[in-house]
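Letter by letter, the chains look like this.
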Amino acid sequence: MDWYQKDIETVISELGTSRSGLSSTEATKRLAEYGSNELKESKRKTSFMMFVDQFRDFMIIVLIIAAFVSGIIGELSDTLAIIVIVVINAIIGFVQEYRAEKAMAALKKMAAPTSTVIRGGVPETIPSSRLVPGDVVMLETGRIIPADMRLMEATQLRIEEAALTGESVPVEKETRLLKEEMTSLGDRKNMAYKGTVVSYGKGQGIVVSTGMNTELGKIAAMLQEEEGVKTPLQKRLAAFGRRLSVAVIVICSIIFGIGLLRGEDVLVMLLTAISLAVAAIPEALPAVVTISLALGAKKMVRQNALIRKLAAVETLGSVTFICSDKTGTLTLNQMTVEEIYVDREIMKMQDSGYRVQDEKNHASGIMHLESLPFTPYLLLMTALALNNDAAVDKEGRMIGDPTEIALYVAALESGFKKEELQKIYPKVAEIPFDSERKCMTTVHRIQDTRYMIQDGKNHISGIMHRASFVSFTKGAVDVLIEKADSIMTSDGLEPIDRKDLMAVNDKMAADGLRILGVAMRKWDALPEVVSADSVERDLIFWGLVGMIDPPREEARDSVALCKSAGIRAVMITGDHPITARAVAKRLNIIDDDRKVLMTGRELEKLSLREFEEKVEQISVYARVAPEQKLKIVKALQDKGQFVAMTGDGVNDAPALKRADIGVAMGITGTDVAKEAAHMILLDDNFATIVRAVKEGRRIFDNIRKFIRYTMTSNSGEIWTIFLAPFLGLPIPLLPIHILWINLVTDGLPGLALAAEPPEKDVMNRPPRDPKENIFSGMWVQIIWIGLLMGIISIFTQALAIKMNLDYWRTMVFTVLCLSQMGNVLALKSEKESLFSQGVLSNKPLLGASILAVLLQLSTVYVPFLNPIFKTMPLPLTELVLCFVLSSLIFFAVEGEKWWRRRMTAV
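Throughout what follows, the structure given in this document is the object of discussion. (Residues numbered from 1 in each chain as written. Predicted model: local features only at pLDDT ≥ 70, side-chain atom pairs only at ≥ 80, totals over all residues. Heavy atoms only, no water.)

At a minimum axis separation of 9 Å, helix α30 (residues 779-802) and helix α31 (residues 808-826) run at an interaxial angle of 155°. Our classification of the angle between α30 and α31 gives roughly antiparallel. When the axes of α30 and α31 are compared, the crossing they make is right-handed. Contacts between α30 and α31 pair I785, M789, I792, S793, T796, Q797, A800 and I801 from the former with W808, M811, V812, V815, L816, S819, Q820 and N823 from the latter. Here the contact of α30 with α31 is composed, by residue class, of 10 nonpolar, 6 polar and no charged. (Axes fitted to C-alpha atoms, helices over the stretch in contact; angles between N-to-C directions. Helix = DSSP H or I, 4+ residues; strand = E, 2+ residues; numbered from the N terminus. Parallel < 35°, antiparallel > 145°, perpendicular 65-115°, else oblique. Left-handed = near helix turned anticlockwise from the far one by under 90°. Contact = heavy atoms within 4.5 Å. Nonpolar A, V, L, I, M, F, W, Y, C, P; charged D, E, K, R; others polar.)

Regular strands place their side chains on alternate faces of the sheet. In terms of burial, strand β19 (residues 514-523) is a largely internal element, 8 of the 10 residues being buried. Note: strand β16 (residues 469-475) against β19, 7 bridges, orientation antiparallel. Residue pairing in the sheet places F472 in a bridge with M520 of β19. Here β19 pairs with strand β20 (residues 539-548) via 7 bridges, running antiparallel. Along β20, the bridge assignment pairs L516 with V545. (Buried < 20%, exposed > 50% of the residue type's maximum accessible area, 1.4 Å probe, protein only. Pairing = 2+ DSSP bridges.)

This part is about helix α2 (residues 24-34). Those residues of α2 that sit buried are A27, R30 and L31. Buried residues along α2 cover an arc of 110° about the axis, so they all sit on one side. Residues of α2 that are exposed and point over 90 degrees away from its buried face: T25, K29, A32 and E33. For α2, the secondary structure elements touched by its buried residues are α1 (8-15) and β1 (114-119). G35 sits one or two residues past α2 and shows a positive phi near 85°. (Arc of directions from axis to C-beta.)

So, about the packing of aromatic side chains. Scanning all chains against the criterion turns up 5 aromatic pairs. On the numbers, 4.9 Å between centres and 70° between planes, the contact of W740 with F869 is edge-to-face. Placement of the pair is W740 in helix α28 (residues 735-746) and F869 in helix α34 (residues 866-869), with a sequence separation of 129 residues. The residues W740 and F869 share a single accessibility class, namely buried. Relative to F891, the ring of F890 has its centre 5.2 Å away and its plane inclined at 80°; by these criteria the two rings are edge-to-face. Under the relative-accessibility criterion, F890 is labelled buried at 10%. In this structure an aromatic cluster arises from ring pairing among F835, F890 and F891. Taking NZ or CZ as reference, R158 lies 4.5 Å from the ring centre of Y200, over its face. (Phe/Tyr/Trp six-rings, centres within 6.5 Å; stacked < 30°, edge-to-face > 60°. Lys NZ or Arg CZ within 6 Å of the ring centre and 35° of its normal.)

The subject of this paragraph is the environment of I590. Among the secondary structure elements, I590 is positioned in the loop between α21 (577-586) and β22 (597-599). Expressed as a C-alpha distance, the spacing of I590 and M571, which sit 19 residues apart in the sequence, is 9.8 Å. Contact partners of I590, with chain neighbours within four places excluded, come to R581, A584, K585, V596, S619 and V620.

A few words on α1. Those residues of α1 not exposed but buried are I8, V11, I12 and L15. Mapping the buried residues of α1 onto a view down its axis gives an arc of 100°, with all of them on the same face. On its buried face, α1 sits against α2, β4 (148-160) and β7 (197-209). Just downstream of α1, G16 is the residue with a positive phi angle, here 60°.

If you walk through the whole model with that rule in mind, you get 33 salt bridges. Measuring nitrogen to oxygen at the nearest pair gives 2.6 Å for the salt bridge that ties E536 to R437. On the criterion of sequence distance, the pair formed by E536 in the loop between α19 (532-535) and β20 and R437 in the loop between β14 (427-434) and β15 (439-445) is long-range, its members being 99 residues apart. Its relative accessible area of 15% is what places R437 among the buried residues. Here the salt bridges share partners, and the residues they tie into one network are D701, D761, R765 and K831. (Salt bridge = Lys/Arg side-chain N within 4 Å of Asp/Glu carboxyl O.)

A cluster of nonpolar side chains, V246, V250 and I254, forms an exposed patch at the surface whose accessible area comes to about 240 Å². Residue placement: I254 occurs in helix α9 (residues 232-261). On the basis of relative accessibility, which here comes to 38%, the residue I254 falls in the partly exposed class. (Patch = residues over 30% accessible without salt bridge, like charges linked within 9 Å, V, L, I, M, F, W, Y side chains within 5 Å. Areas by Shrake-Rupley, 256 points an atom, 1.4 Å probe, with all protein chains shown as cover.)

What follows concerns the packing of α30 against helix α35 (residues 876-905). Where α30 meets α35, the closest approach of the two axes is 11 Å, and the angle between their N-to-C directions is 155°. On the basis of their axis angle, the class for α30 and α35 is roughly antiparallel. Crossing of α30 against α35: the hand is right-handed. Of the residues in α35, those in contact with Q781, W784, I785, L788, M789, I792, F795, T796 and L799 of α30 are L881, L885, L888, I889, A892, V893, E896 and R900.

Quick look at the sheet that holds strand β24 (residues 643-647) now. The strand order across the open sheet built from 8 strands is β8-β26-β25-β24-β9-β21-β23-β22, with neighbouring strands paired in mixed fashion. With partners counted over all chains shown, the strands left at the sheet margins are β8 (305-307) and β22, one partner each. Along the sheet, successive strands turn relative to each other by an average axial angle of 20°, direction set aside. As judged from the 2 bridges shared by strand β21 (residues 568-572) and strand β23 (residues 620-622), these two strands associate in the parallel manner. Following the sheet pairing, I572 is matched in β23 by Y621. Each of β21, β22 and β23 touches α21; the most contacted strand, β23, lies at about 155° to it.

Here's what the structure looks like:
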């Protein structure tokens with residue numbers, strides 16, 4: 001049995017303690033036995049090993065080899081460029097991993113520094129680290145709970161547990177034992193947990209767990225054990241690097257062998273093969289990826305998304321499931337009065353009438369009651385304003401319990417200003433809320449008789465006429481209707497129909513509303529002792545108030561956008577299933593199918609294998625525990641899904657770390673969640689995640705465009721050198737030509753693709769298949785475009801040799817370089833024509849292409865560069881011919897896109 005299932009005397013007996021606490025001697029003995037009440041960290045990697053690990057990626061190893069080969073053949077500029085790229089990537093990876101290690105430090109900050117305990121019957125303040133099981137701890141408003149404890153006293157005690165359980169409002173605590181098995185943390189009302197905060201009241205608890213044995217400690221253990229998952233891009237690039245390296249080695253070996261068989265110079269062929277190998281490896285790829293992600297991160301900051309790990313930008317573009325917390329992300333995190341039941345009618349607040357507002361849409365002050373016809377609605381709003389402990393601080397911020405604030409705002413927006421009403425009905429007594437009575441009462445003197453509500457026309461014979469005092473009581477409906485014997489309507493007092501009221505209560509609750517009842521009583525003179533027994537009886541029931549944390553309007557649109565993008569939005573919350581279902585239905589996350597909702601208790605009964613069979617059909621999880629959130633993420637990943645997990649609490653941290661992309665809340669999020677996450681939402685808004693998804697898809701598209709472009713271009717170089725010997729032609733390009741083309745064409749134009757705007761259908765297509773490699777759909781283009789490029793280059797070579805032109809190699813060099821500029825302009829969109837996009841749609845790319853052409857022409861026409869590049873100036877006729885031949889690539893690629901668009905339309 002768990003501690004919450006045991007009564008206080010059993011707990012005291014099993015822990016060998018008493019209501020007077022442990023003796024100092026026994027506490028010292030137990031400290032040695034159980035250890036200090038602290039979260040312990042596992043052994044960390046050293047900073048040096050973190051840095052070294054950045055060089056273990058296969059693609060990085062290939063690039064280092066390429067840098068070494070470039071140095072051997074004398075291309076020191078290439079060597080330097082590759083080394084700079086590799087080091088920059090290593091530094092970025094190191095910084096990200098180092099920052100991730102701060103999650104445990106943030107978790108430890110949640111520990112209370114000191115605690116007030118009772119030892120030997122005497123209260124004393126000690127460091128919380130010295131607490132042991134059996135200690136009796138005193139709790140009061142504002143204190144952090146220092147350890148897990150079973151409550152033995154609770155006086156109006158409410159504890160803020162959102163960071164641990166996800167519960168959106170403070171939990172009212174009690175001391176009675178709970179007999180239910182497998183009760184979630186949020187429902188264990190006789191327990192208090194380490195790291196949560198007392199928001200109201202006071203109490204005492206017996207420590208049952210300390211340190212790593214607490215619920216917070218279990219989360220810390222999961223956080224340390226859970227390994228981060230490689231991003232989709234990292235997985236795809238690693239596979240890409242392996243395949244490419246093997247292919248390059250095979251092709252270059254064949255070319256070297258054929259050259260030797262033809263009697264070519266061994267050194268020349270060796271340098272050619274090595275140069276081709278260096279050219280075939282897109283060493284600019286890591287730079288393109290880094291720059292693309294960095295530009296995306298910069299753009300997303302302006303959209304309220306702070307990227308902690310660059311890879312998160314692209315990963316969001318690959319997700320298939322977004323597992324989102326409810327409170328504050330899908331909802332406003334603001335309890336709001338939505339419906340009231342008064343005078344036999346359920347009314348939406350916006351339809352309830354009597355709203356007195358100025359031109360700025362703010363409540364203009366107190367309702368002038370004496371000038372209005374009496375209705376029960378008026379007195380209900382008066383009760384909400386006065387029976388309330390919420391207030392406005394000096395900065396104009398609302399302070400108080402979320403429920404109280406919701407009632408205060410509802411009254412204020414209807415024209416009932418608490419501060420003004422208190423002048424007319426000053427409070428003379430209050431009976432605070434407690435979990436046993438489940439209600440709260442305030443007593444007021446009627447100061448100004450002008451505001452006595454009396455109207456004979458409505459047959460209400462002065463409900464407050466000649467009364468000197470009035471009391472307002474609000475609380476649980478089932479409790480309040482038992483304390484009332486009549487109900488007020490516009491026709492006067494009528495006998496209360498408890499069955500009918502409970503039916504209305506159930507109807508409102510079915511919509512996910514939290515319901516409170518409101519009642520009153522008038523007094524000519526107060527009883528001698530103002531107590532619950534003397535005041536909270538013979539009440540007149542006035543109505544019901546239904547509250548909810550409403551969904552964000554933009555979240556509903558974002559969920560719809562997710563559906564069009566093929567992404568499943570899943571709600572995971574610690575709230576009650578009824579509330580979760582109601583919010584999910586409003587957001588269109590679910591329909592009326594009950595199978596799409598699962599509670600933490602139901603999830604607990606399933607093995608991982610059984611759960612994996614259902615996980616892809618579940619859209620809402622309610623009352624879940626921390627380890628269950630992690631179980632959900634793992635199950636989805638085991639089914640091959642890419643998962644984004646949002647959260648703000650300590651309980652979310654392990655799942656945030658495990659998810660393909662962890663998204664923490666910037667406003668309500670704990671430091672622990674932020675440190676474990678890849679991305680932080682500065683506005684806590686689900687819509688921001690969807691905008692990030694669009695940005696991530698754009699970035700992934702652009703990286704694929706770069707790979708398609710660079711591989712088709714490299715393919716063209718390979719085909720050119722590979723086919724020439726078979727046609728009886730000399731090697732068309734020298735090593736310097738290959739390396740120059742690689743530097744000029746893969747460099748600036750390739751990097752400029754990172755700035756390409758998103759395709760028009762980027763959010764109207766499903767996510768990429770998680771099992772699909774990065775080459776998917778581009779192999780055919782790589783082969784045929786490269787082959788066409790090679791044919792055009794060899795045709796140029798054959799034509800120039802036939803014409804006995806000494807500068808035939810310069811022409812091949814120029815045609816191949818210019819062909820790649822036409823290629824990059826045509827490949828800037830997978831579907832749209834360059835002309836429909838607009839030549840200026842990507843100005844950096846246009847500028848980079850023009851610069852590449854100018855640089856190529858400089859190798860032909862700048863005299864001192866001719867001997868370096870083994871080139872000769874071309875006559876105007878031959879130069880024009882080179883431009884014409886190279887442009888064939890552009891029109892061929894545009895023609896293919898036109899054909900595909902036509903086939904799609906048909």
